[in-house]
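Tertiary structure, described
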Amino acid sequence: MSVRGQKVLITGGTGFLGRCVASELTAQGATAIPVGSADYDLRDRDQIRRMLSDHRVDAVVHLAAVLGGIAANRAEPGRFFYENAIMGIELIEACRAASVSKTVIAGTVSSYPKDAPVPFTEEDFWKGYPHESEAAFALAKKMLLAQVIAYRAQYGMNLVYLVPVNLYGPGDDLDPETTHVVPAIVRRFLEAREAGAPEVTLWGDGAPTREFLFVEDAARAFVLALDRYDRSDPLNIGSGDEISIRDLARLVKDATRFEGEIRWDTTRPNGPPRRRLYSSNAHRLLEFEAQVSLEEGIRRTVEWAEGELAGTGPGSRRRSGG
């Protein structure tokens, strides 16, 4: 489907990725309808039905999720499994009943098997169990791909499933209890710089590697998939660049102008040793390539976080009612 002139509802549309997807849709001539948890409870079947009845959209992009880092996943695996699974399952069924023309589901790189060869290819998605540190969340999201495949086969629904790598950028989550690696490291360095601390302590030994994608690039990929992708196979969305957490920390240290030392707490978990996606299919099918380098993205993220932590950024103004 062409997005121009279409009404597209975005669950999680007031969140980190959702705001960027809404902006990209608007730029491409679509009407974006971002909804958040304050608007509808996606765990409730009747509220999902009401949402679709209220807006009568052509397409849905499902980004809403209960998210968190390793600590949050370990603390609440039951909640992470139930809420992520039930939101997606009920939404897809409601989209079927409402005859929504197309639905795009956001998966997660953590659903790949913990022993999958690197880079992760779409063909390996089902070949093993995810890493234990995020298994409940990863399996909940993975079941949505099973539903996508089943509903396409039985009902002929136009459902697609994207697997983005770790996202980062302005608007990310800076809450220490729920944040992910890039905003967590940015916050620690900025707070240490302001406090004049002699060092920053980070989890693990810094050896694991990750691939990161700037949030605006990810949003562009989701809109391209809405426009151009129509298959049941999962589709990887990544930057193609792999970096160790140790080297990432050095990039953030330089960008934040922190002059102290980095100490690694090896009593804390590392998480999976490597993560990088094979993204050539997205390039071939969507003509998608990441445009923002990691260095540029980190610089922009640090500038945003400085404003947020100082109480002068747009997010801090929204929270205070300004």
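Residues numbered from 1 in each chain as written. Predicted model: local features only at pLDDT ≥ 70, side-chain atom pairs only at ≥ 80, totals over all residues. Heavy atoms only, no water.

1. Re the overall build of the protein chain
Under the convention used in this document: Only runs of H or I of at least four residues qualify as helices and only runs of E of at least two qualify as strands under DSSP, and these elements are numbered from the N terminus. Our radius of gyration is a C-alpha quantity, and the globule rule it is checked against amounts to 2.2 Å times the number of residues to the power 0.38. Burial classification: accessible surface area is computed with a 1.4 Å probe over protein chains only, and a residue below 20% of its type maximum counts as buried, one above 50% as exposed, and the rest as partly exposed. Note on definitions: a residue-residue contact is assigned when non-hydrogen atoms from the two residues lie within 4.5 Å. Here the Shrake-Rupley method, with its probe set to 1.4 Å, supplies the accessible areas, and only the displayed protein chains count as covering residues.
Scanning the protein chain from N- to C-terminus turns up eleven helices and eleven strands. For a compact globule of 322 residues, the expected C-alpha radius of gyration is about 20 Å, and the protein chain comes in at 19 Å, within 12% of that figure. In terms of overall dimensions, the protein chain has C-alpha extents of about 60 × 50 × 40 Å along its principal axes. Looking at the protein chain as a whole, 53% of its 322 residues are labelled buried. Within the protein chain, contacts between residues at least 6 apart in sequence are counted, and of these 78% link residues at least 24 apart. Roughly 14,300 Å² of accessible area belongs to the protein chain as shown, and the carbon and sulfur atoms make up 47% of that amount.

2. Focus on a nonpolar patch on the surface
Condition: In this analysis, a patch consists of residues with relative accessible area above 30% that form no salt bridge, clustered at 9 Å for like charges and at 5 Å for the nonpolar side chains Val, Leu, Ile, Met, Phe, Trp and Tyr. Any carboxyl oxygen of Asp or Glu that lies within 4 Å of a side-chain nitrogen of Lys or Arg is treated as forming a salt bridge with it.
On the surface, a nonpolar cluster with roughly 270 Å² of combined accessible area is contributed by Trp126, Met143 and Ile149. You can see methionine 143 is positioned in helix α5 (residues 135-155). Residue classification places methionine 143 among the partly exposed residues on the basis of a relative accessible area of 37%.

3. A few points about the nonpolar core
As a reminder, the rule being used: Here, nonpolar core means buried Ala, Val, Leu, Ile, Met, Phe, Trp, Tyr and Cys residues that are tied together by side-chain atoms lying within 4.5 Å of each other.
Formed by 72 residues in total, the largest nonpolar core has its most connected members in Leu17, Val21, Leu25, Met51, Phe222, Ile237 and Leu286. Counting residues per element, this core draws most heavily on helix α7 (residues 215-228), at nine residues. Listed in part, the 25 residues of the second largest apolar core include Val186, Phe189, Leu202 and Val302.

4. Comments concerning the sheet that holds strand β5 (residues 159-164)
Cut-off, in case you're wondering: Here, strands pair whenever DSSP counts at least two bridges between them. Between N-to-C directions, angles span 0 to 180 degrees; the directions come from axes that are lines fitted to C-alpha atoms, helices contributing only their stretch in contact.
If you walk across this open sheet you meet the six strands as β2-β1-β3-β4-β5-β9, and the pairing is parallel. Two strands close off the open sheet at either side, each with one partner strand: β2 (31-35) and β9 (235-237). In this sheet, neighbouring strand axes are inclined to one another by 20 degrees on average, regardless of whether the strands run parallel or antiparallel. Pairing between β5 and β9: three bridges, direction parallel. Paired with proline 164 across the two strands is isoleucine 237, which belongs to β9.

5. Notes on the environment of glutamate 216
Rules: We define a polar contact as two N or O atoms separated by no more than 3.5 Å, with the added condition that, inside protein, one atom must be a possible hydrogen donor and the other a possible acceptor, whereas residues neighbouring each other in sequence contribute only through side-chain atom pairs.
With respect to the helices, strands and loops of the structure, glutamate 216 is situated in helix α7. Residue class for glutamate 216 comes out partly exposed when judged on its relative accessible area of 38%. C-alpha separation for the pair glutamate 216 and serine 23, spaced 193 residues apart in sequence, amounts to 9.3 Å. Within the structure, the side chain of glutamate 216 is placed 3.0 Å from the side chain of arginine 300, a separation counted as a polar contact.

6. Section: helix α6 (residues 181-195)
Filter applied, for reference: A helix is expected to reach a length of 1.5 Å times the quantity of its residues less one.
Compared with the 21 Å implied by 1.5 Å per residue over 15 residues, the 21 Å span of α6 between its first and last C-alpha is a close match. Among the residues making up α6, those that are buried are Val182, Pro183, Ile185, Val186, Phe189, Leu190 and Ala192. Structurally, α6 contributes buried residues whose contacts are with β6 (166-168), β7 (199-203), β8 (209-214), α8 (245-256), β11 (261-265) and α10 (294-310). At the exit of α6 stands glycine 196, carrying a positive phi of roughly 70 degrees.

7. Let's talk about the pattern of salt bridges
One pass over the structure, following the stated rule, counts 26 salt bridges. Between arginine 49 and aspartate 46 there is a salt bridge whose closest N-O contact spans 3.7 Å. Here arginine 49 pairs with aspartate 46, and both are found in helix α2 (residues 45-55), just three residues apart, close to one helical turn.

8. Quick look at the packing of α6 against α8
Convention followed: Here the word oblique covers every angle except those under 35 degrees (roughly parallel), over 145 (roughly antiparallel) and from 65 to 115 (roughly perpendicular). The handedness criterion is simple: a crossing whose near helix is rotated anticlockwise from the far helix by less than a right angle is left-handed, and one whose near helix is rotated clockwise is right-handed. Residues are grouped as follows: Ala, Val, Leu, Ile, Met, Phe, Trp, Tyr, Cys and Pro are nonpolar; Asp, Glu, Lys and Arg are charged; every other residue, Gly included, is polar.
Taken N-terminus to C-terminus, the directions of α6 and α8 make an angle of 45 degrees; their axes are 10 Å apart at the nearest point. Between α6 and α8, the angle falls in the class oblique. The handedness of the crossing between α6 and α8 is right-handed. Contacts from Val181, Val182, Ile185, Val186, Phe189, Leu190 and Arg193 of α6 reach α8 at Ile245, Leu248, Ala249, Val252, Lys253 and Thr256. Taken together, the residues of the contact of α6 with α8 break down into ten nonpolar, one polar and two charged.

9. Topic: the sheet that holds β8
An order of β6-β8-β10 is seen for the three strands of this open sheet, with the pairing classed as mixed. The open sheet terminates on both sides in strands that have one partner only, identified here as β6 and β10 (242-244). Between one strand axis and the next, the sheet turns by 50 degrees as a mean value, whatever way the strands run. One ladder, built from three bridges, connects β8 with β10; its direction is antiparallel. If you follow glutamate 211 over to β10, its bridge partner there is glutamate 242. Along the sheet face, α8 touches β8 and β10 and points at about 85 degrees away from the line of β10.

10. Notes on the packing of helix α1 (residues 16-27) against α7
Their axes nearest at 8 Å, the elements α1 and α7 cross at an angle of 55 degrees. As judged from the angle between their axes, α1 and α7 are oblique. Once α1 is placed against α7, the crossing between them reads as right-handed. Between α1 and α7, the residues in contact are Phe16, Leu17, Cys20, Val21, Glu24 and Leu25 and Val215, Glu216, Ala218, Ala219, Arg220, Phe222, Val223 and Leu226, respectively. Class assignment for the residues of the contact of α1 with α7 results in eleven nonpolar, no polar and three charged.

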